[in-house]
Amino acid sequence: MLTLTCPCCGIRAEETELAPGGEAHLKRFGPGASDEDFESYLFARKNPKGVHFERWRHAYGCGKWFLAARCTATLEVFGTYKAQNPHPTPEIVAAIRAKRPDWTPDWTETSPAESLTE
Ligand SMILES: [Zn+2]
């Protein structure tokens, strides 16, 4: 069973207490976007075997959305972080690299100051 710690209230919750919200860090497009951008926003999703970032809601707890980094093959959880973060926290990136040295993020890494930690 998948168990995630809600970063908003600190409760360690089983999968049945949570609601999945799909892929994290999707770039949203508004009016004026090209058809290709809007199509990719609506339909294109990653389906990796390995490190994946997902949205979850603590449905039977505080009710807030948060993000989780986990391995889809082993259910290993690398960490959870608040949904306002543009990228996983440096601690989560380090935890992923410790277990998956060949993993590379698909975003341009920024300084830790740009990643919210609270
Ligand atoms: Zn919570």
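See the structure printed just above.
Residues numbered from 1 in each chain as written. Predicted model: local features only at pLDDT ≥ 70, side-chain atom pairs only at ≥ 80, totals over all residues. Heavy atoms only, no water.

Draft legend 1. Representation of the packing of aromatic side chains. The tally for this structure, following the rule as stated, stands at 2 aromatic pairs. Residues Phe38 and Tyr41 carry aromatic rings whose centres are separated by 6.1 Å and whose planes lie at 45 degrees to one another, so their mutual orientation is tilted. In this pair, Phe38 and Tyr41 are both assigned in helix H1 (residues 35–43), 3 residues apart and thus about one turn of the helix distant. Residue Tyr41 is classed as partly exposed on the basis of its relative accessible area of 21%. A ring pair is formed by Phe53 and Trp103, whose centres lie 6.2 Å apart and whose planes are at 55 degrees; its orientation type is tilted. With Phe53 in strand S4 (residues 51–57) and Trp103 in the segment after helix H2 (90–99), this pair connects stretches of sequence that are 50 residues apart. Pair check on accessibility: Phe53 and Trp103 agree, each one buried. If you follow Arg55 out to its NZ or CZ, it ends over the ring of Trp65, 4.2 Å from the centre. (Phe/Tyr/Trp six-rings, centres within 6.5 Å; stacked < 30°, edge-to-face > 60°. Helix = DSSP H or I, 4+ residues; strand = E, 2+ residues; numbered from the N terminus. Buried < 20%, exposed > 50% of the residue type's maximum accessible area, 1.4 Å probe, protein only. Lys NZ or Arg CZ within 6 Å of the ring centre and 35° of its normal.)

Everything listed here is a matter of coordinates, which is why it stays silent on function.
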